[in-house]
Amino acid sequence: MRAGSVAAVVDIDAAIGFVVAHGDAVDRARLSRLRAGSPPPPELLDAAEVGQTPGGGWPATLGGDVASVDATCFRLSELDDLGALGRPAARRALDWLAARQLPDGGWEEDPALAGVAPEWARPGDPEAGFYLTANAGFWLTVAGLDARAAGPLDHRVGGAYAGVVHAAAQSLVARLRPDGGWPSFLPAGWLGAAVLHRQEMFHEAARIQVMLADRVPELSPGDVAWLAATLRRVGIDGQDWLLVRARRRLAETQRSDGGWDSEDGHQFDVHTTLSAIRACR
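Keep in mind it's a predicted model, so treat the numbers as computed, not measured.

Rules used in this analysis
- Residues numbered from 1 in each chain as written.
- Predicted model: local features only at pLDDT ≥ 70, side-chain atom pairs only at ≥ 80, totals over all residues.
- Heavy atoms only, no water.
- Helix = DSSP H or I, 4+ residues; strand = E, 2+ residues; numbered from the N terminus.
- Buried < 20%, exposed > 50% of the residue type's maximum accessible area, 1.4 Å probe, protein only.
- Polar contact = N/O pair within 3.5 Å; in protein donor to acceptor, adjacent residues only side chain to side chain.
- pLDDT = per-residue confidence, 0-100.
- Contact = heavy atoms within 4.5 Å.
- Salt bridge = Lys/Arg side-chain N within 4 Å of Asp/Glu carboxyl O.
- Arc of directions from axis to C-beta.
- Phe/Tyr/Trp six-rings, centres within 6.5 Å; stacked < 30°, edge-to-face > 60°.
- Expected span 1.5 Å × (residues − 1).
- Core = buried A, V, L, I, M, F, W, Y, C linked by side-chain atoms within 4.5 Å.
- Axes fitted to C-alpha atoms, helices over the stretch in contact; angles between N-to-C directions.
- Parallel < 35°, antiparallel > 145°, perpendicular 65-115°, else oblique.
- Left-handed = near helix turned anticlockwise from the far one by under 90°.
- Nonpolar A, V, L, I, M, F, W, Y, C, P; charged D, E, K, R; others polar.

A. Structural detail: the side chain of Asp-240. Checked against the element boundaries, Asp-240 lands in the loop between helix 10 (221-233) and helix 11 (241-253). On the basis of relative accessibility, which here comes to 6%, the residue Asp-240 falls in the buried class. At 2.9 Å, the side chain of Asp-240 and the backbone nitrogen of Leu-242 are in polar contact.

Next up, the structure:
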């Protein structure tokens, strides 16, 4: 599933300028690592890890004491940009995620979070469960592959968390529709496709990608950047036809100042722009 050579039309230099002009110290550190692999200062990494519960996850709310699958995955995404998935805090979080897996291979939030969980993470909701399974499975896949590259851990597909990720993939496949659709929120599609691709379930992953390709023209900049960065993170070639479409969509939606709009408000435009840079690097 490859497309012909397509000239890059996203203005990366303008995007970099937007982050430098409008980002904070963490944003600029993420940018430096994305551009040149520069390690962030230790004190910045310490600040990025703050708030972790004793069990290893991060809470859904500031100062909370109940760890959240969704919040922990979000924090891991930030630490990944900083090159910090190998640090003890991230490893404890990943071990916590692995230990939270349900017997059916999926994940759900703690029932204690029912009053504060967003729609996509609501305890007991099947759509939320599918999304959380795809999200947790993705980060355990990424971390396992990174750990495997760093040392002789588990060389099965999925790296250090091979058994956990395989069970997650089986849980996802069991709920896919014949046409490749999935019974959950849109991001669960690209997260699930990434998990299945790394599990060498290429047919199932490709069915999801076909469905996603039809949605690209209507995706927000944040979503299309998230999609592309997710698939690139698990090694899908940048000339894959879906990723080519995603870059075209990013080019169409880039603003004249180099940034992209976030659906969550302009205070998150820098985050969306960093995602787009990650997707196009």
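B. Spatial organisation of the confidence of the model for the protein. Averaged over every residue, the pLDDT of the protein is 90; residues scoring 70 or more account for 92%. Predicted confidence for residues 148-156 stays below pLDDT 50, and this span has 15 contacts to residues more than four positions away or in other chains.

C. Just the pattern of salt bridges, in detail. For the coordinates displayed, the defined rule picks out 12 salt bridges. Here Arg-233 makes a salt bridge to Asp-80, at a shortest N to O gap of 3.0 Å. Taken together, the positions of Arg-233 in helix 10 and Asp-80 in helix 4 (residues 69-81) put the pair 153 residues apart, joining distant regions of the chain. Judged by relative accessible area, which is 11%, Asp-80 ranks as buried. Here Arg-255 makes a salt bridge to Asp-257, at a shortest N to O gap of 3.1 Å.

D. Just the side chain of Thr-141, in detail. If you trace the backbone, Thr-141 turns up in helix 6 (residues 126-150). A polar contact of 2.7 Å, which involves the side chain of Thr-141, links it to the backbone oxygen of Gly-137.

E. Quick peek at helix 1 (residues 12-22). Every buried residue of helix 1 is accounted for by Ala-15, Ile-16, Phe-18 and Val-19. All buried residues of helix 1 fall inside an arc of 155 degrees around its axis, so they share one side. Residues of helix 1 that are exposed and point over 90 degrees away from its buried face: Asp-13 and Ala-21. Buried residues in helix 1 make contact with helix 2 (25-36) and helix 12 (269-280). By the N-cap criterion, in which a side-chain oxygen at the helix start approaches the backbone nitrogen of a residue two or three places on, helix 1 is capped by Asp-11, the distance to Asp-13 being 3.4 Å.

F. Structural detail: the environment of Ala-60. Summarising the element assignment, Ala-60 is placed in the loop between strand 1 (58-59) and strand 2 (67-68). Sequence separation between Ala-60 and Leu-45 is 15 residues, and the spatial gap between their C-alpha atoms is 20 Å. Aside from chain neighbours lying at most four places away, what touches Ala-60 is Val-66, Ser-68, Ala-71 and Leu-113.

G. Geometry of the packing of aromatic side chains. In total, this model carries two aromatic pairs according to the counting rule given. Centroid distance Phe-138 to Trp-139: 4.9 Å. Interplanar angle 80 degrees. Geometry classified as edge-to-face. In terms of burial, Phe-138 and Trp-139 fall into one category: buried. Ring plane angle 70 degrees and centroid distance 5.6 Å describe the contact between Trp-190 and Trp-226, whose orientation is recorded as edge-to-face. Placement of the pair is Trp-190 in helix 8 (residues 187-198) and Trp-226 in helix 10, with a sequence separation of 36 residues. On the basis of relative accessibility, which here comes to 0%, the residue Trp-190 falls in the buried class. The partly exposed category is assigned to Trp-226, whose relative accessible area is 29%.

H. Structural context of helix 5 (residues 88-99). For helix 5, spanning 12 residues, the distance from its first C-alpha to its last is 16 Å, which sits close to the expected 16 Å at 1.5 Å a residue. Along helix 5, the residues classified as buried are Ala-89, Ala-90, Ala-93, Leu-94, Trp-96, Leu-97 and Ala-98.

I. Quick look at the nonpolar core. Of all hydrophobic cores here, the largest spans 82 residues; its most connected members are Leu-97, Trp-107, Leu-140 and Leu-250. Counting residues per element, this core draws most heavily on helix 6, at 10 residues.

J. Broad picture of the packing of helix 9 (residues 202-215) against helix 11. Interaxial distance between helix 9 and helix 11 falls to 10 Å at its minimum, and their mutual angle equals 20 degrees. Compared by their axis directions, helix 9 and helix 11 come out roughly parallel. Considering only the axes of helix 9 and helix 11, their crossing is left-handed. Here helix 9 contributes Gln-209, Val-210, Leu-212, Ala-213 and Asp-214 to the contact with helix 11, which in turn contributes Trp-241, Leu-242 and Arg-245. For the contact of helix 9 with helix 11, a count of residues per class yields five nonpolar, one polar and two charged.

K. Local environment of the environment of Asp-261. Note that Asp-261 resides in the loop between helix 11 and helix 12. Using a relative accessible area of 35% as the deciding quantity, one classes Asp-261 as partly exposed. Once the C-alpha coordinates of Asp-261 and Pro-221 are considered, the two residues, 40 residues apart in sequence, prove to be 6.6 Å apart. Apart from the residues within four sequence positions on either side, Asp-261 is in contact with Pro-221, Gly-222, Arg-255, His-266, Asp-269 and Thr-272. Polar side-chain contacts of Asp-261 include one of 2.5 Å to the side chain of Arg-255.

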